[in-house]
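Chain by chain, the residues:
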Amino acid sequence: MSNQAQWEQVRAGKGFIAALDQSGGSTPKALKLYGVTEDAYKTEDEMFSLIHGMRSRIVNAPAFTGDKVVGAILFEMTMDRQIDGKPAATALWEDHHVVPFLKVDKGLCDAEGGVQLMKPIDGLDALLKKAADAGIFGTKMRSVISAANANGIDAIVAQQFEVGKQILAHGLMPILEPEVTISIADKAEAEDLLLAAITKQLDALPDDQQVMLKLTLPEVANQYQSLVDHPKVLRIVALSGGYNREEANTRLAQNKGIIASFSRALTEGLSAQQDDADFNSELSKTIDAIYAASVAG
């Protein structure tokens, strides 16, 4: 990694990683929650311009700084756009001291074996080169576990690590995200299987390599403590996964050494109809609450 300051912030910075990476499929819902209905745009480009406006407003809020926000995960179209006249990744780091990450997956395959693997990421090498040139520090990619199926979970973790090694080869830090669906009846059992599968893959990594993990908040507090302490894990972040902000923060605070990487829980309560004072005040309270839960352990 060429930027030691970014590495140190990710490794030891206090706070959380903001997930600002809604893609084409999730953008309409994110905009609706923000108070922008589908009749406000006619084309995909107009839709992405509106969501970029929301993300820029968040990034430019006074509370959105490296003091409490360690990093931010961007969608590719966000990376390609500007914030205050600078490329988005440059603006994040130079103006706000927030480390930039990039979502690189292309969505999910159909469910099989209790999981949804990632679709093939066509053109990944070219995207990773583009990201490195743009000043991106690391990446994130998501797949989904919906049952405590050992074979399915082994497959999903193996895929995450396989692509993660490709990302490491480009000098970027991969965030591996095998999400466990929060509503399944056998969630705790799935998390036991996930812990075992991740540990096996980590133990097989070369000693000079590290990855990050983005995991669903577990049923058993400190379920992933051995991963937090593992020498091949730079940091573990947690997704809110559909829990509201209060529930997500409560669960997060019970897990030592794990910080937040929330999306919906970060933007909850924000609205396009708010003036800047109200918007900034609401976001400041949200950042304070997520920060407090992230450092509680």
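An account of the accompanying structure is given in this report. (Residues numbered from 1 in each chain as written. Predicted model: local features only at pLDDT ≥ 70, side-chain atom pairs only at ≥ 80, totals over all residues. Heavy atoms only, no water.)

Glancing now at the overall build of the chain. Looking only at helices and strands, the chain has 12 helices and 11 strands in total. The dimensions of the chain, computed from C-alpha atoms along their principal axes, are 50 × 40 × 40 Å. Expressed as a percentage of its 297 residues, the buried residues of the chain come to 52%. Contacts in the chain between residues at least 24 apart in sequence constitute 73% of all its contacts with a sequence separation of at least 6. Accessible surface for the chain amounts to roughly 12,500 Å². Of this, 48% is attributable to carbon and sulfur atoms. Taking the average place of the 28 positive charges on the side chains of the chain and the average place of its 40 negative ones, the gap between the two points comes to 1 Å. (Helix = DSSP H or I, 4+ residues; strand = E, 2+ residues; numbered from the N terminus. Buried < 20%, exposed > 50% of the residue type's maximum accessible area, 1.4 Å probe, protein only. Contact = heavy atoms within 4.5 Å. Areas by Shrake-Rupley, 256 points an atom, 1.4 Å probe, with all protein chains shown as cover. Lys, Arg positive; Asp, Glu negative; His and termini not counted. Charge placed at Lys NZ, Arg CZ, Asp CG, Glu CD.)

What follows covers the pattern of salt bridges. Counted by the stated rule, this structure contains 21 salt bridges. Put simply, Glu282 and Arg245 hold a salt bridge, and the shortest N to O gap is 3.8 Å. In this pair, Glu282 sits in helix α12 (residues 276-295) while Arg245 sits in helix α10 (residues 245-253), placing the two residues 37 residues apart along the sequence. Accessibility classification places Glu282 together with Arg245 in one group, the buried group. (Salt bridge = Lys/Arg side-chain N within 4 Å of Asp/Glu carboxyl O.)

Where α10 contacts α12, the two axes come as close as 7 Å, and the packing angle between them is 25°. One way to sum up the angle between α10 and α12 is to call them roughly parallel. Judged by residue contacts, Arg245, Asn249, Leu252 and Ala253 of α10 engage Glu282, Thr286, Ala289, Ile290, Ala293 and Ser294 from α12. Looking at the contact of α10 with α12 residue by residue, the class counts come to five nonpolar, three polar and two charged. (Axes fitted to C-alpha atoms, helices over the stretch in contact; angles between N-to-C directions. Parallel < 35°, antiparallel > 145°, perpendicular 65-115°, else oblique. Nonpolar A, V, L, I, M, F, W, Y, C, P; charged D, E, K, R; others polar.)

By size, the foremost hydrophobic cluster in this structure holds 80 residues, and its most contacted members are Phe64, Leu194, Ile198, Leu227 and Phe262. Once residues lying within four places of it in the same chain are set aside, the contact partners of Leu227 are Leu195, Ile198, Thr199, Leu202, Leu213, Leu215, Val233 and Ile236. Among the nonpolar cores identified, the runner-up in size contains 15 residues, and Ile175, Met212, Leu234 and Val237 belong to it. (Core = buried A, V, L, I, M, F, W, Y, C linked by side-chain atoms within 4.5 Å.)

Looking now at the packing of helix α7 (residues 150-168) against helix α8 (residues 187-204). Running from amino to carboxyl end, α7 crosses α8 at an angle of 40°, the nearest separation of the two axes being 9 Å. Put simply, α7 runs oblique to α8. Handedness of the α7/α8 crossing: right-handed. Residues Ala150, Ile153, Asp154, Val157, Ala158 and Phe161 of α7 touch α8, and the partners they reach there are Ala190, Leu193, Leu194, Ala197, Ile198, Gln201 and Leu202. (Left-handed = near helix turned anticlockwise from the far one by under 90°.)

Turning to α12, a few remarks are in order. An α-helical turn contains 3.6 residues, so any two residues separated by three or four positions project in the same direction. For α12, which comprises 20 residues, the first-to-last C-alpha distance of 28 Å matches the rise-based estimate of 28 Å (1.5 Å per residue) to within 8%. Packing partners of the buried residues in α12 comprise β1 (16-20), α3 (44-59), β2 (69-74), α10, β11 (258-260) and α11 (264-267). (Expected span 1.5 Å × (residues − 1).)

Moving on, we come to the pairing of β1. The element β1 is extensively covered by neighbouring structure, given that five of its five residues are classed as buried. Neither face of β1 is exposed, since Phe16, Ala18 and Leu20 on one face and Ile17 and Ala19 on the opposite face are all buried. Examined bridge by bridge, β1 and β2 share five bridges and lie parallel to one another. By the bridge assignment, Leu20 is partnered in β2 with Leu74. (Pairing = 2+ DSSP bridges.)

Enumeration according to the criterion identifies four aromatic pairs in this entry. Look at Trp7 and Phe137: their rings are 6.4 Å apart centre to centre, the planes differ by 65°, and that puts the pair in the edge-to-face class. Here the residue Trp7 occupies a position in helix α1 (residues 4-12), and Phe137 occupies one in the loop between α6 (124-133) and β7 (138-145), the gap between them amounting to 130 residues. When sorted by exposure, Trp7 lands in the same class as Phe137, which is buried. Three or more aromatic residues joined by ring pairs form one cluster here, namely Trp7, Phe101 and Phe137. Between Arg57 and the ring centre of Phe279, over which it is positioned, the NZ or CZ distance is 4.0 Å. Here the basic side chain of Lys68 rests over the ring of Tyr291, its NZ or CZ set 5.4 Å away from the ring centre. (Phe/Tyr/Trp six-rings, centres within 6.5 Å; stacked < 30°, edge-to-face > 60°. Lys NZ or Arg CZ within 6 Å of the ring centre and 35° of its normal.)

Within the secondary structure layout, Asn255 lies in the loop between α10 and β11. Those residues in contact with Asn255 that sit more than four places away from it in its chain are Pro218, Val220, Ala221, Asn222 and Gln223.

With respect to the helices and strands, Ala238 occurs in strand β10 (residues 233-239). With a relative accessible area of 1%, Ala238 lands in the buried category. Between the C-alpha atoms of Ala238 and Leu252, which are 14 residues apart in sequence, the distance is 7.5 Å. Beyond its immediate chain neighbours, meaning those up to four positions away, Ala238 contacts Leu215, Leu217, Leu252, Ile258, Ile259, Ala260, Ser261 and Phe262.

With phi around 55°, Asp84 is a residue other than glycine that occupies positive phi space. Mapping Asp84 onto the fold places it in the loop between β3 (82-83) and β4 (86-87). A residue is classified by how much of its surface remains accessible, and Asp84, at 61% relative accessible area, is exposed. Phi at Asn222 is positive, roughly 65°, even though this residue is not glycine. Along the chain, Asn222 turns up in the loop between β9 (211-216) and α9 (225-228).

What is shown is where atoms sit, not what they do.
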